[in-house]
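Residue strings, one per chain:
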Amino acid sequence: MEDFWGVAISVLRMWFSLVVGLIMLPAMFGVSLGITESYMKVLIKTLKWATMRIQRGAQEQQEQQTLKASASNEIIQRDEGSMEQEIGELRRSQPKHQEGGDFALSDVFYFSRKGIETIVEDEVTQRFTSEELVSWNLLTRTNLNFYYISLRLTILWGVGVVVRYCILLPLRITLTCIGLTWLVIGTTLVGFLPNIRVKNWLSELVHVMCYRICARGLSAVIHYHNKENRPKRGGICVANHTSPIDIVILANDGCYAMVGQVHGGLMGVIQRAMVRSCPHIWFERAEMKDRHLVTQRLKDHVNDKTKLPILIFPEGTCINNTSVMMFKKGSFEIGGTIYPVAIKYDPQFGDAFWNSSKYNMVSYLLRMMTSWAIMCNVWYLPSMTQEDGEDAVQFANRVKSAIARQGGLVDLSWDGGLKRGKVKETLKEQQQKQYSSMVVGEDSSGSGDASD
Amino acid sequence: MGSRASSLLREEDIEEIKKETGFSHSQITRLYSRFHSLDKGENGALSREDFQRIPELAINPLGDRIINAFFPEGEDQVNFRGFMRTLAHFRPVEDNEKNKHLDASEPLNSRSNKLLFAFRLYDLDRDDKISRDELLQVLRMMVGVNISDEQLGSIADRTIQEADTNGDMCISFSEFIKVLEKVDVEQKMSIRFLH
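Numbering of residues begins from 1 in every chain and follows the order in which that chain's sequence is written. Here every chain gets a letter starting at A, and every ligand a number starting at 1, in the order they are written. Only residues with pLDDT of at least 70 are given local features in this predicted model, and only at 80 or more are side-chain atom pairs given and counted; all residues enter the totals for whole chains, interfaces and linings. To obtain the side-chain values, all non-hydrogen atoms of the structure were used and water was disregarded.

As named in an unreviewed UniProt entry, chain B is Calcineurin B homologous protein 1, taken from Clupea harengus. UniProt positions are given in the numbering used here, feature names are shortened, and annotations may be inferred rather than shown by experiment. Its UniProt record gives chain B a comment under Sequence similarities (unreviewed entry), which states: "Belongs to the calcineurin regulatory subunit family. CHP subfamily."

Per an unreviewed UniProt entry, chain A goes by Glycerol-3-phosphate acyltransferase 3-like and derives from Clupea harengus. If you open the UniProt record of chain A and go to Sequence similarities (unreviewed entry), you find "Belongs to the 1-acyl-sn-glycerol-3-phosphate acyltransferase family." You can read under Subcellular location (unreviewed entry) in the UniProt record for chain A the words "Endoplasmic reticulum membrane".

Right under this line is the structure:
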């Protein structure tokens, strides 16, 4: 019995010294031993082989068709004609009416085709579910067309499960726990120091260290581009939002002041510790509702040029990383310089999107930690400021387009709040107005308004 | 989630839907995964609310009428079979389908079935006639508050006058077909499904 415990303890000691020596220490000082790189290389090779097997298997079953089909995720091809063009075309073959308004029974064809198209495929709702992959990545998450293909592939998948759950998962949990504990202890200790320059420096060091350890805990491979554009003090960093991990990704390369709501439980402990060492902006739930107060506190922060740049995700909700949705104008009313950042994850190794209506935080993190890796690209864009004669909404759209272009994401004007809420009635009224002007003509639609 | 979706759809079902609607195997599995993601209640059927949750459909002036086309009289749920049957109206007419017009059962995407779909958008009470009142209501849905009652009334009157041949002040389906005989219904009421 004693022998068993002796062995167990020495195994544990081995485990921890390996973790500390090979991962923790390099992570703390931002050095790479090249372990992750070689892991990624092996991974890419394996996935390539698997894809080849899948293709061969498909050919044997004479199903090239389905595989080709999976190369693009679209079900239909839409005509991008405007309402005027399309209805105009519909009416061409019918007699013209000059007076009293233009209407043809065939006008409904336009609306019904549009309507059915959106039922088959729409731009918004599919941004709130995981992106479909072009080929299977040997994780449990699969696409429609991938099931049993060959024995060897199934064995490979099985080995993958063992590696991911029995080796990677415990390792990653250990790392994350160490990282978070260190964050709480470190920031609390730094918090006791008097307000001198050393404190800021130490606080940043502790933050970056912890985030680096946490990033290893997710096997994150992050490529930063255009580092010369990194957010500077006294500015606001805005980025597209895919998951809470975005914060870890960005904070690996610099410190940010976070904005958010005060949470309870474990999150609360971490938040309280963090705010001791450096000025993050946490709001009570009731305070969040007071827009004026929020803006004022953010303004005060931005005006203090010694404070860290604020990190904001203006979409307000997680999107599946295929598109950028409407930026809420609030963050653009504060003033100051905006530092846009585009984050694009590589979905091949793991799905970073947090589908918060489907998974809670813990099961999301578990999924992350049992994925192959998180690989992502971060682009720092040149800083932007509001131009003369530009209102907050226009400015927000300009920043959004820049991020979309850089990250290769679809630029949508829809509100991410549609994930939970309903669409605004005004958007329908716009459509009706547009159609009305086709019925009575541009100029007389004004008089129609007046008579109501 | 994709794998679960496809496993719920049996091969026999796919075959039957294929026969009934003319969609290909891969189109059916893809549309099934779409159906599945719209089905928030996860009970294998869609309700009106499930459709209304699509923002682009919610802003369509005729959105409610189009949603209604999926629900047979008195039903408030539509299963995958019914969903596909309605979508099939919008399949393009293929050349080889045009020729076998004399078949016992007409395909769902035939010209007259496409026209019937449009006709039913107007025919609110499903009595196979479009009355002046029904036409006015549908016009109102399309234009919102932007056009006066008077003007809309005269548009409705004129439209009915032009279409009505038997003097009952209503538009029957055969009169509807006659009015639209020059319109390229086959193309305008079709969606390009890929694969």
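Novice: Which residues make up the nonpolar core, and what values go with them?
Specialist: Only buried residues count toward a nonpolar core, which is a set of Ala, Val, Leu, Ile, Met, Phe, Trp, Tyr and Cys residues joined through side-chain atoms within 4.5 Å. With a 1.4 Å probe rolled over the protein chains alone, any residue whose accessible area is under 20% of its type maximum counts as buried; one over 50% counts as exposed, and the rest are partly exposed. Of all hydrophobic cores here, the largest spans 71 residues; its most connected members are Phe109 and Ile116 of chain A together with Phe51, Phe83 and Phe176 of chain B. The two domains that each donate at least three residues to this core are domain 1 (2–88) and domain 2 (110–188) of chain B. The residues touching Ile116 of chain A, leaving out its near neighbours within four places in the chain, are Ile66, Phe70, Leu87, Phe90, Phe117 and Ile191 of chain B. What counts as a domain boundary in this text is fixed by an automatic or database domain assignment. Here, two residues are considered to be in contact whenever any of their heavy atoms come within 4.5 Å of each other.

Novice: Can you break down the side chain of Thr322 of chain A residue by residue, with the values?
Specialist: All names here are of chain A. Take Thr322: it is sitting in the loop between β6 (310–312) and β7 (323–324). Contacts described as polar in this section are N or O atom pairs within 3.5 Å, which, within protein, must combine one atom able to donate a hydrogen with one able to accept it, while residues neighboring in sequence count only if both atoms come from side chains. Of the polar contacts made by the side chain of Thr322, one reaches the side chain of Arg127; its length is 2.7 Å. When neighbours within four sequence positions are excluded, Thr322 is seen to be in contact with Arg127, Glu131, Lys344, Leu409 and Val410. A run of DSSP states H or I qualifies as a helix once it reaches four residues; a run of E qualifies as a strand once it reaches two. Both are numbered from the N-terminal end.

Novice: For the domain arrangement of chain B, give the residues involved together with the corresponding values.
Specialist: Residue and element names in this part refer to chain B. The assigned domain composition of chain B is domain 1 (2–88) and domain 2 (110–188). For domain 1 and domain 2, the distance between their C-alpha centroids amounts to 27 Å. With 10 residues of domain 1 in contact, the opposing surface of domain 2 contributes 9 residues. Note: buried area is the sum, over both parts, of the accessible area (probe 1.4 Å) each one loses when the two are combined. By the criterion of area lost to domain 2, the three top residues of domain 1 are Pro61, Leu62 and Arg65, representing 61% of everything that side buries. What makes a salt bridge here is a side-chain nitrogen of Lys or Arg within 4 Å of a carboxyl oxygen of Asp or Glu, nothing more. At the surface where domain 1 touches domain 2, the tally comes to 0 salt bridges. There are 3 residue pairs in polar contact (both at pLDDT 80 or more) connecting domain 1 and domain 2. Here the side of domain 1 that touches domain 2 takes 3 residues from helix α6 (residues 63–68), the largest share from any one element. Any residue that is not Ala, Val, Leu, Ile, Met, Phe, Trp, Tyr, Cys, Pro, Asp, Glu, Lys or Arg is counted as polar, Gly included; the first ten are nonpolar and the last four charged. Taken together, the residues that form the side of domain 1 that touches domain 2 break down as 6 nonpolar, 2 polar and 2 charged.

Novice: Give me the packing of aromatic side chains: which residues, what numbers.
Specialist: Residues and elements named next belong to chain B. When two rings of Phe, Tyr or Trp (its six-membered ring) have centres within 6.5 Å they constitute a pair, described as stacked for plane angles under 30 degrees, edge-to-face for angles over 60, and tilted for the intermediate range. Under the definition given, this model contains 21 aromatic pairs over all chains. Taken together, the aromatic side chains of Tyr32, Phe35, Phe51, Phe70, Phe71, Phe80 and Phe83 make up a single cluster linked through ring pairs. Charge-over-ring placement is defined geometrically: NZ (Lys) or CZ (Arg) within 6 Å of the ring centre, and within 35 degrees of the ring normal. Above the ring of Phe71, the side-chain terminus of Arg48 is found at 4.4 Å from the ring centroid. Over the ring of Phe23 we find Arg91, and its NZ or CZ is 5.9 Å from the ring centre.

Novice: Help me get a handle on helix α10 (residues 132–143) of chain B, residues and values and all.
Specialist: For α10 of chain B, built from 12 residues, the straight-helix expectation of 16 Å at 1.5 Å per residue is met to within 8% by its first-to-last C-alpha distance of 16 Å. Buried residues of α10 of chain B: Glu134, Leu135, Val138, Leu139, Met142 and Val143 of chain B, and no others. With its buried residues spanning 155 degrees around the axis, α10 of chain B presents them on a single face. Against α5 (107–120) and α14 (425–440) of chain A together with α9 (111–122), β3 (129–130) and α11 (149–163) of chain B lie the buried residues of α10 of chain B. At the exit of α10 of chain B stands Gly144 of chain B, carrying a positive phi of roughly 65 degrees. Helices are assigned an expected span. That span is 1.5 Å times one less than the residue count. Note that the arc is computed from the directions linking the helix axis to the C-beta atoms.

Novice: How would you summarise the sheet that holds strand β5 (residues 281–283) of chain A if you had to cite specific residues and measurements?
Specialist: Each strand in a sheet pairs with its neighbour through backbone hydrogen bonds, running either in the same direction (parallel) or in the opposite one (antiparallel). All names here are of chain A. The sheet built from 7 strands is open, its strands ordered β2-β9-β8-β3-β6-β4-β5 with mixed pairing. Because the sheet does not close on itself, it has two edges, and the strands there are β2 (220–225) and β5. On average, each strand axis in the sheet is tilted by 25 degrees relative to the strand beside it, whichever way the strands run. At least two bridges found by DSSP between two strands are what make those strands a pair. In the sheet, strand β8 (residues 337–346) pairs with strand β9 (residues 374–380) via 6 bridges, with the strands oriented antiparallel. In the strand pairing of β9, Ile343 is matched with Val378. In the packing of helix α13 (residues 392–407) onto the sheet, the strands contacted are β3 (235–239), β8 and β9, and the crossing angle to β8 comes to about 35 degrees. A fitted line through C-alpha atoms represents every axis, and for helices the fit uses only the stretch in contact; the resulting angles, taken between N-to-C directions, go from 0 to 180 degrees.

Novice: So what's going on with the interface of chain B and chain A? Residues and values would help.
Specialist: Facing the 63 residues of chain B at the interface are 65 residues of chain A. Taking both sides of the interface into account, the surface hidden between chain B and chain A amounts to around 5,900 Å²; carbon and sulfur atoms contribute 64%. The tally of links from chain B across to chain A stands at 3 salt bridges. For Arg78 of chain A, the salt bridge identified is with Glu56 of chain B, shortest N-O distance 3.5 Å. At the surface where chain B touches chain A, the tally comes to 13 residue pairs in polar contact (both at pLDDT 80 or more). Its residues assigned to classes, the side of chain B that touches chain A shows 39 nonpolar, 15 polar and 9 charged. One ladder, built from 2 bridges, connects strand β1 (residues 76–77) of chain A with strand β5 (residues 192–193) of chain B; its direction is antiparallel. Its bridge partner lying in β5 of chain B, Ile76 of chain A is registered against Phe193 of chain B.

Novice: Residues and numbers for the pairing of strand β4 (residues 257–261) of chain A, please.
Specialist: Residues and elements named next belong to chain A. Pairing between β4 and β6: 2 bridges, direction parallel. When the sheet's bridge partners are listed, Met258 is paired in β6 with Leu311. Where β4 meets β5, 3 bridges bridge the pair, whose relative direction is parallel. The partner of Gly260 across the bridge, within β5, is Trp282. For the crossover that starts at β4, traverses helix α9 (residues 265–277) and ends in the parallel β5, the hand is right-handed. Here a crossover is taken to be right-handed if, once the strands point away from the viewer, the path from the first strand over the helix to the second is traced clockwise.

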